Amino acid sequence: MARTLPPDLARGLLAAAQRLAGAPRSGVVEIVRAVAALQAQDAGAAHLGIRARRPGSTLAEVEAARFEERSVARTWVMRGTLHLIPAEDARWMVELLGPIGLRKSARRIGELGVEDLRAEIRAALADGPLTRRELTDAVRKRVKLPDHPQVPAWLTGVAALQGEIIEGPADRFVLFDDWLPRGTAPPDPVVELARRHAHAHPPAAPEDFAVWSGLPVREARRAYGELDLEEVEVLGRTAFVPRGLEPAPPHVRLLPRFDGWLLGHRDRALIMREAHDKAVRPGGGILAATLVVNGLIEGTWKLERGRPEVEAFGDFDYASEVEDVVRFRAREP
């Protein structure tokens, strides 16, 4: 019979898995791998997400992992959205998830005429990296494209989902195979991605994995069925947790907007009170930056003149986190 997890314990397990507290210091790529991926449509926010999970880290270390070591990559994967992922996994993740993003947006891709430009993109980038605008202009010399302001963004996004390009330094795109080694795909990529989700977002169920990844529910259920996890009950639902995981100690963290903490499950009932939903999700697809106290969202924040301005839902001591965000953004050692 499945054991019942009290919400406080469940939140502690999730916080531990998300490396919000209790984990030893690890490198940038180890943090990214541990949490399965970091949402990164806002690259600066994703970097702050690493800060919250790696005490004492610096922005220079994050940028070095991306652009010098090339151990971390930023590209479109889960749900056709930009994420930071381990570079060694980029090829198989794009091959698995890219077609889903392309199918989801097939109509718009066709309207903008950017569905089949692989040869033109490879030719344009043969001599080196290009910005989004430079790449679009170079492709336009080879093929006619609509005069629409969305064309550059869609052209690069589609090419990335097709595995042709990836983001390099200085907001420039490079050919995927020139920037990263090919790497080895796992025997069953869906099962491997499910394993990473389960270990990064416990307690979780196949339906959570489907929402997070964009994969069909039937595939999510098959993959979760292959994993060695403990079945539990939490908030009246059946879910699964990795065996032997210990809850995080008490913690206070400032997480950036769009953080994966908010995106690993079908809903946010475990980590957020319903009364705070509007503050955290103000509309327009925005997920606010949050104050997390012992696994529960207890406020939101935003940068004002380079400093976090926190709107807490109670009386909490978050001063050290405010100062650490300032330190991180200032590139201090």
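These notes cover the structure that comes with them. (Residues numbered from 1 in each chain as written. Predicted model: local features only at pLDDT ≥ 70, side-chain atom pairs only at ≥ 80, totals over all residues. Heavy atoms only, no water.)

1. Quick notes on helix 1 (residues 7-17)
Among the 11 residues that make up helix 1, eight are buried, leaving the element largely enclosed by the rest of the structure. Those residues of helix 1 lying buried are A10, R11, G12, L13, L14, A15, A16 and A17. Residues of helix 1 that are buried sit in contact with helix 2 (28-34), helix 11 (189-200), strand 8 (230-234), strand 9 (237-241) and strand 12 (296-304). Count one or two residues on from helix 1 and you reach R19, which has phi positive near 60°. (Buried < 20%, exposed > 50% of the residue type's maximum accessible area, 1.4 Å probe, protein only. Helix = DSSP H or I, 4+ residues; strand = E, 2+ residues; numbered from the N terminus. Contact = heavy atoms within 4.5 Å.)

2. A few points about the pairing of strand 13 (residues 307-312)
Across six bridges, the pairing between strand 12 and strand 13 is antiparallel. For K302, the partnering residue across the bridge sits in strand 13 and is E309. In this structure, the hairpin formed by strand 12 and strand 13 is closed by a connection of two residues, where R305 is found at a positive phi of approximately 55°. (Pairing = 2+ DSSP bridges.)

3. Considering the packing of aromatic side chains
Inspection of every chain in the model, using the stated rule, returns three aromatic pairs. On the basis of an interplanar angle of 35° and a centroid distance of 5.9 Å, the ring pair of F209 and Y224 is categorised as tilted. Residue F209 is located in helix 12 (residues 206-213), and its partner Y224 is located in helix 13 (residues 217-225); the two are separated by 15 residues in the primary sequence. For the pair shown, F209 and Y224 are each scored as buried. Both rings, one in Y224 and one in F240, keep their centres 6.2 Å apart while their planes meet at 65°; by these two values the pair is edge-to-face. Of this pair, Y224 sits in helix 13 while F240 sits in strand 9; the two residues are 16 residues apart in sequence, bridging distant segments of the chain. With a relative accessible area of 21%, F240 lands in the partly exposed category. (Phe/Tyr/Trp six-rings, centres within 6.5 Å; stacked < 30°, edge-to-face > 60°.)

4. Re the environment of H197
Mapped onto the secondary structure, H197 falls in helix 11. Judged by relative accessible area, H197 falls into the buried class, the value being 0%. Aside from chain neighbours lying at most four places away, what touches H197 is A36, A204, A205, D208, F209, W212, Y224 and G264. From its side chain, H197 meets the backbone oxygen of G264 in a polar contact 2.9 Å long. (Polar contact = N/O pair within 3.5 Å; in protein donor to acceptor, adjacent residues only side chain to side chain.)

5. So, unusual backbone geometry
The omega angle of the peptide bond from P202 to P203 is -10°, so this bond is cis rather than trans. By the secondary structure assignment, P203 is in the loop between helix 11 and helix 12. Backbone geometry at A170 places phi at a positive 55°, although glycine is not the residue there. Looking at the secondary structure, you find A170 in the loop between strand 6 (165-167) and strand 7 (172-175). A170 sits in the exposed class, given a relative accessible area of 53%. Positive phi, close to 65°, is recorded for F258, a residue that is not glycine. Its relative accessible area of 8% is what places F258 among the buried residues.

6. Quick look at the sheet that holds strand 8
The mixed open sheet is built from three strands, whose spatial order is 1-8-9. Every other strand in the sheet has two partners, leaving strand 1 (3-4) and strand 9 as the edge strands with one partner each. Across two bridges, the pairing between strand 1 and strand 8 is parallel. The partner of R3 across the bridge, within strand 8, is V232.

7. As for the pattern of salt bridges
Evaluation of the coordinates by the stated rule reveals 29 salt bridges. Notably, a salt bridge pairs D277 with R281, separated by 2.9 Å at the nearest N-O pair. D277 gets classed as partly exposed once you look at its relative accessible area, which sits at 23%. Using a relative accessible area of 37% as the deciding quantity, one classes R281 as partly exposed. Overlapping salt bridges bring together R51, E321, D324 and R327 as one network. (Salt bridge = Lys/Arg side-chain N within 4 Å of Asp/Glu carboxyl O.)

8. Concerning the sheet that holds strand 2 (residues 38-39)
Spatially, the three strands line up as an open sheet ordered 2-4-3, and their pairing is antiparallel. Two strands lie at the open edges of the sheet, namely strand 2 and strand 3 (72-76), each paired on one side alone. For strand 3 and strand 4 (residues 82-86), the ladder comprises five bridges, and the chain directions are antiparallel. Paired with R74 across the strands is L84, a residue of strand 4.

9. Observations regarding the nonpolar core
Core analysis: the biggest nonpolar cluster contains 35 residues, and L97, I166, L180, L193, F209, L215 and Y224 have the highest contact counts within it. Elements with a minimum of two residues in this core: helix 5 (90-104), helix 10 (176-179), helix 11, helix 12 and helix 13. In terms of residues, this core owes the most to one element, helix 5, which gives seven residues. Among all residues touching L97, those that are not within four sequence positions of it are V77, M78, L193, S213 and L215. Of all hydrophobic cores here, the second largest spans 26 residues; its members include A10, L263, V280 and L287. (Core = buried A, V, L, I, M, F, W, Y, C linked by side-chain atoms within 4.5 Å.)

No statement about biological role is implied by the geometric values presented.
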